[in-house]
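Breakdown of the fold
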Amino acid sequence: MIPFLDLKTINSQYHDKLVAACIRVIDSGWYVGGKELEQFEQHFANYCGVQYAIGVANGLDALILTLRAWKELGKLKDGDEVIVPSNTYIASILAITENNLKPVLVEPDAETFNIDDKKIEAAITAKTRVILPVHLYGQLAAMPEITAIAAKYNLLVLEDSAQAHGAEIAGKKAGSWGDASGFSFYPGKNLGALGDAGAITTNDPKLANMLKALRNYGSHEKYKNLVLGVNSRLDEIQAAMLNVKLNFLDGENQYRRQIADLYLKEIQNPEIELPLKNIDAKNYTQHVWHLFVIRTKHREALQKYLTERGVETLIHYPIAPHKQQAYKEWDDLSLPISEQIHAEVLSLPISPTLSRDDTKKVVQLCNGFKV
Ligand SMILES: *Cc1c(COP(=O)(O)O)cnc(C)c1O
């Protein structure tokens, strides 16, 4: 079986370094809020090209706490509107509703799967305060255009960078375009811990300071609580794992690009629509290919065909957020582009340890698929 994502093999590449880092933490006697976290926050901020990175417990908390911090700082209030792509992973939207803010769903560009920047202005109202673009599948949203719209209407930008560690446009990385950015280091992400972890990046010292309080019971100083905070800390063991793995992120992203190039050049089947086929190659060279997502009118048949021949595939995502039971009040919304994407997408295996032979096997099988 060619697995979709083989985390054991990915992490065993760094086995000795990860074990040494674990031992270092165990022997230090200091397990939360110590040197490993401080080092990771510094390195990750440098990597993204920003002043501050603030470690938290997971990617969802990174987004939730940033919006909450802006409320605490007086930049947002209950009921304010946040523009978000309609085809994102549910976490981007949960972060908004969790804060009593109102998600305004904007359709994606069918070619890039990212929010269609040309549809953003029409969605702006007197209550709009934030644009929350998601760099879906590893490709930056149209950030030059989105930040220009935000400047024109005086809106905040919160990037959801959970799938795009290291992606860039014109040398500027995910996490450095918005007023703030949320990252996830869930094990399956391009930069993955060996458990849950997340971070916020920003250049705003006031926001960074508020986030450091919010993640720790609203407190900078023990037993002195400034705001109603939570417990959302990135612990030392996970920070130590990330300190090891950050060194290999660029190399792993480069390897993912090579797999994607092979898929893009060699998969030729009229039933399979490849990603970005109408986009000039220079525009996606800095895609970090968290997922390689194709479209087909025959998804169930193609998935079954590949499974029977030993290739594991997944669907990101099978149900659009506005069709989820959790958001049943949106059931009447008509978002045809999202609905079609959700019905047609299929993710092929792509990972830092997928061999060239296995990649070629996936290509051959895709080319042999008939309806
Ligand atoms: C993974 C992910 C998140 C949430 O990250 P967790 O660490 O699982 O909480 C948020 N947004 C997107 C787009 C994601 O892919």
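Placed above this text is the structure.
Keep in mind that this is a model prediction, so the values were computed, not measured.

For any pair of aromatic rings, the description rests on two quantities: the centre-to-centre distance and the angle between the ring planes. Inspection of every chain in the model, using the stated rule, returns twelve aromatic pairs. Taken together, a centroid distance of 6.4 Å and an interplanar angle of 15 degrees make the contact between Phe-44 and Tyr-47 stacked. One end of the pair is Phe-44 and the other is Tyr-47, both in helix 3 (residues 35–48) and three residues apart, which spans about a single turn. Seen from their ring centres, Phe-44 and Phe-183 are 4.8 Å apart, and the 90 degrees between their planes marks the pair as edge-to-face. Residue Phe-44 is located in helix 3, and its partner Phe-183 is located in strand 8 (residues 180–184); the two are separated by 139 residues in the primary sequence. Considered together, Phe-44 and Phe-183 belong to a single accessibility category, that of buried residues. Feature note: the residues Phe-40, Phe-44, Tyr-47, Phe-183 and Phe-185 constitute an aromatic cluster, connected by ring pairs. Directly above the aromatic system of Trp-177 lies the positively charged group of Lys-172, at a separation of 5.3 Å from the ring centroid. Above the plane of the ring of Tyr-47 lies Lys-173, whose end atom (NZ or CZ) is 4.7 Å from the centre.

All residues in the neighbourhood of the ligand are listed as Asn-58, Gly-59, Leu-60, Tyr-89, Ala-91, Val-134, Asp-160, Ala-162, Gln-163, Ser-184 and Lys-189. Contact distances for the ligand include 2.6 Å between an oxygen atom and a side-chain N or O atom of Ser-184. The fraction of the free accessible surface of the ligand (380 Å²) that becomes covered by protein chains is 90%. When its residues are assigned to classes, the shell around the ligand shows five nonpolar, four polar and two charged.

Here the focus is the pairing of strand 4 (residues 128–131). Here three bridges tie strand 2 (residues 81–85) to strand 4, and the two strands are oriented parallel to one another. Counted as the bridge partner of Ile-83 is Ile-131 from strand 4. Here strand 4 pairs with strand 5 (residues 156–160) via two bridges, running parallel. In the strand pairing of strand 5, Val-130 is matched with Leu-156. Taken together, strand 4, helix 6 (residues 143–153) and strand 5 constitute a β-α-β crossover, and its handedness is right-handed.

Moving on, we come to the nonpolar core. If you look at the biggest cluster of nonpolar residues, it comprises 68 residues, and the most contacted ones within it are Leu-67, Trp-70, Tyr-263, Phe-292, Leu-306 and Leu-348. Considering every element that reaches this core, the biggest residue donor is helix 4 (residues 59–72), with seven residues. For Leu-67, the contacting residues outside a window of four places in its chain are Leu-76, Ala-95, Ile-96, Asn-99, Leu-101, Val-130 and Leu-158. Core analysis: the next-biggest nonpolar cluster, separate from the first, contains 21 residues, Ile-115, Ala-123, Ile-124 and Ala-141 among them.

How each quantity is defined
Residues numbered from 1 in each chain as written. Predicted model: local features only at pLDDT ≥ 70, side-chain atom pairs only at ≥ 80, totals over all residues. Heavy atoms only, no water. Phe/Tyr/Trp six-rings, centres within 6.5 Å; stacked < 30°, edge-to-face > 60°. Helix = DSSP H or I, 4+ residues; strand = E, 2+ residues; numbered from the N terminus. Buried < 20%, exposed > 50% of the residue type's maximum accessible area, 1.4 Å probe, protein only. Lys NZ or Arg CZ within 6 Å of the ring centre and 35° of its normal. Near = heavy atom within 4 Å. Polar contact = N/O pair within 3.5 Å; in protein donor to acceptor, adjacent residues only side chain to side chain. Areas by Shrake-Rupley, 256 points an atom, 1.4 Å probe, with all protein chains shown as cover. Nonpolar A, V, L, I, M, F, W, Y, C, P; charged D, E, K, R; others polar. Pairing = 2+ DSSP bridges. Right-handed = clockwise from strand over helix to strand, strands pointing away. Core = buried A, V, L, I, M, F, W, Y, C linked by side-chain atoms within 4.5 Å. Contact = heavy atoms within 4.5 Å.

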